[in-house]
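Letter by letter, the chains look like this.
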Amino acid sequence: MEAAVATESLSKLNINGDFASSLPNLHKNLHLLSPQQVELAKMLVEEGQSHLFEHWPEPGVDDDEKKAFFDQVTRLNSSYPGGLASYIKTARELLADSRAGKNPFDGFTPSVPTGENLSYGDENFIKFEEAGVKEAQNAAFVLVAGGLGERLGYNGIKVALPFETITGTCFLQCYIESVLALQEASYRMTQGGQKKEVPFVIMTSDDTHARTVELLESNSYFGMKPTQVKLLKQEKVACLEDNDARLALDPQNKFRVQTKPHGHGDVHSLLYSSGLLYEWHDAGLRWVLFFQDTNGLLFKAIPASIGVSATKGYHVNSLTVPRKAKEAIGGITKLTHIDGRSMVINVEYNQLDPLLRATGFPDGDVNCETGYSPFPGNINQLILELDPYIEELKKTGGAIKEFVNPKYKDASKTSFKSSTRLECMMQDYPKTLPPSARVGFTVMDTWLAYAPVKNNPEDAAKVPKGNPYHSATSGEMAIYRANSLILRKVGVQVDNPVNEVFNGQEVEVWPRIVWKPTWGLTFADIRSKVSGSCSITQRSTMAIKGRNIFVKDLSLDGALVIDSIDEAEVKAGGSVQNKGWLLEKVDYKDTSVPEAIRIRGFRFKKIDQLEKQFSEPGKFELKA
């Protein structure tokens, strides 16, 4: 009976006798499979993947594992634009190029694209910030959060990590509160029509999905309506074991294909296949803003950047920071081919210098008269105009130009040290755009816009002096520096920092100042809430948690925490002096200290503070 069913399956699929005789193990087991799975089996064999079935035992042995294998293959096939056949074809082409050492930039000449350089707090910046706040209610925010914090020495998901430890606010809470503050400010500024809820999408992975859901649910979505938040889970892709793009079997289970992450470029195909882009279009949205999981400064730069997109009409706007020549950060570059086509994309730092040298710039990647490279540094935050984005994805299905990075055993490049896979990056989206696409960039001061947290203490301590650590230590200190510099811009006398070493990293320690996004979302907000003669000493700590707190003639030497509801208006001033909060050093190897603290190398010892809560509506004064 089983043999008859198998034969019937084969005849329906035009699978000939050669197929059956060359793959007896698969042939004997075909009756276990659905017609769609038999089609997939045929495709795999035609694509040179017969080795996947060579070890299959007789029917009756491991039948559930065989079915599970095809469940996995079905998922891998449906989650990749064009299916597994397309994945294998692309892999063969890219592996052949890699083996031949083909230069992806052959025929292209680099030049500096057009963009907008902003200087925090000047008239131009304020103008763009105001335009951006107005437009914010027409934006959707997409957080790419598929990664765990293992590289940081943290076992949780990265978005659960505190971005500062005065209040313990985690990255996800910071992002959601910033989006909500933008939503509210945008509504107040335009004062018309209905209040729009700004969509917030989180791309997760198998590693992070359940824990992200748990973080949101256990914190009531940090004040956002659950209907505003959508989670899109990316699938992994098949690993490749050789230059022929043979799929690798999982070393732990011969009935599974080994898989690895495909990269954050998947966010484009997920948004397209989810139907969200069309929902947003129908709701009148205009912008999609992409950002990554551990940059606590980002929302200080976002309002002005949206303003640049709206004012300049950019289809693609890359947020960037000034980069030093040869710094380990990609540069936004215009590439023009000898055939006339051009594109504006991120070129990785290790490719930019040789590309320049090969195209008539003998000095390569060097600083210009500003002291920085003319090619601004990519920080992987993108603002895309929705309608042109949809038109482009209709053509590509959201597939992004991929690359492969095999680790070869030797110079012959015939075999790999371990399996590889195709990868894609979110910021490579512009590679497929037509030359008519308006692709630009916005440069922001690094102190304002960029302090990613990605390196563990040991790796950070090895970073050459003068280069950014990009650790939990430097990330938190960057928040205090930015807030101190912003207060200086509005006239507060803020003491200079002192240098300290935590976890082997020398950092500037500014006064420890934090505020909620509702208090100070833009420069204009902060300027309107600070007046008179204010001063803050270096040893001070200040947390402002409330929208209507006005700081006037405040002299702070110690710790001050003010918390108020929206309906309370608080004037804070006078001389606040107390023993304050001390920064206590912590050894990252000390396992008695929670991971989130020890990876920073410091914690707050709260000796003394002035702490006031205003939980009733009305007008209040805090006079020390």
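Model, not experiment: these values are computed from the prediction.

Undergrad: Tell me what's going on with the pattern of salt bridges, and back it up with residues and numbers.
TA: Across all of its chains, the model carries 31 salt bridges by this definition. The shortest N-O distance in the salt bridge between Arg 341 and Asp 339 comes to 2.8 Å. The class of Arg 341 is partly exposed, set by a relative accessible area of 42%. Among the charged side chains, a salt-bridge network with shared partners connects Glu 135, Arg 286 and Glu 385.

Undergrad: Got a sec to walk through a positive patch on the surface? Specific residues and values, please.
TA: Side chains of Lys 552, Lys 571, Lys 619 and Lys 623 sit close together on the surface and give a patch of like positive charge. Looking at the element boundaries, Lys 619 is found in strand 31 (residues 618-623).

Undergrad: Break down the pairing of strand 8 (residues 253-257) for me, citing the residues and quoting the values.
TA: Bridge count for strand 7 (residues 249-250) against strand 8 is two bridges, and the pairing is antiparallel. Its bridge partner lying in strand 8, Asp 250 is registered against Asn 253. In textbook terms, the turn of a hairpin is the stretch between consecutive antiparallel strands, and for strand 7 and strand 8 this stretch comprises two residues.

Undergrad: Explain the nonpolar core residue by residue, including any values.
TA: Phe 141, Leu 172, Phe 200 and Leu 487 are the most contacted members of the largest nonpolar core, which totals 114 residues. For this core, the leading source of residues is helix 8 (residues 171-190), giving 10 residues. Counting the residues that make up this core, at least three belong to each of domain 2 (97-236 + 258-455) and domain 3 (471-623). Apart from the residues within four sequence positions on either side, Phe 141 is in contact with Val 179, Leu 182, Val 198, Pro 199, Phe 200, Val 201, Leu 289, Phe 291, Phe 299, Ile 302 and Ile 306. The next biggest cluster of nonpolar side chains, apart from the first, holds 37 residues, and it includes Phe 69, Leu 84, Leu 94 and Phe 416.

Undergrad: Outline the environment of Lys 230, listing residues and values.
TA: Here Lys 230 lies in strand 5 (residues 229-233). Exposure remark for Lys 230: the relative accessible area of 36% places this residue in the partly exposed category. Leave out the neighbours within four places in its chain, and Lys 230 touches Phe 200, Val 201, Ile 202 and Leu 276.

Undergrad: Residue-level account of unusual backbone geometry, with values.
TA: Of note, Tyr 221 is a non-glycine position whose phi angle comes to about 60°, a positive value. Here Asn 380, not a glycine, exhibits a phi torsion of approximately 60°, which is positive. Assignment of secondary structure puts Asn 380 in strand 14 (residues 377-385).

Conventions used here
- Residues numbered from 1 in each chain as written.
- Predicted model: local features only at pLDDT ≥ 70, side-chain atom pairs only at ≥ 80, totals over all residues.
- Heavy atoms only, no water.
- Salt bridge = Lys/Arg side-chain N within 4 Å of Asp/Glu carboxyl O.
- Buried < 20%, exposed > 50% of the residue type's maximum accessible area, 1.4 Å probe, protein only.
- Patch = residues over 30% accessible without salt bridge, like charges linked within 9 Å, V, L, I, M, F, W, Y side chains within 5 Å.
- Areas by Shrake-Rupley, 256 points an atom, 1.4 Å probe, with all protein chains shown as cover.
- Lys, Arg positive; Asp, Glu negative; His and termini not counted.
- Charge placed at Lys NZ, Arg CZ, Asp CG, Glu CD.
- Helix = DSSP H or I, 4+ residues; strand = E, 2+ residues; numbered from the N terminus.
- Pairing = 2+ DSSP bridges.
- Core = buried A, V, L, I, M, F, W, Y, C linked by side-chain atoms within 4.5 Å.
- Domains from an automatic or database assignment.
- Contact = heavy atoms within 4.5 Å.

In short, shape yes, function no, at least from these values alone.
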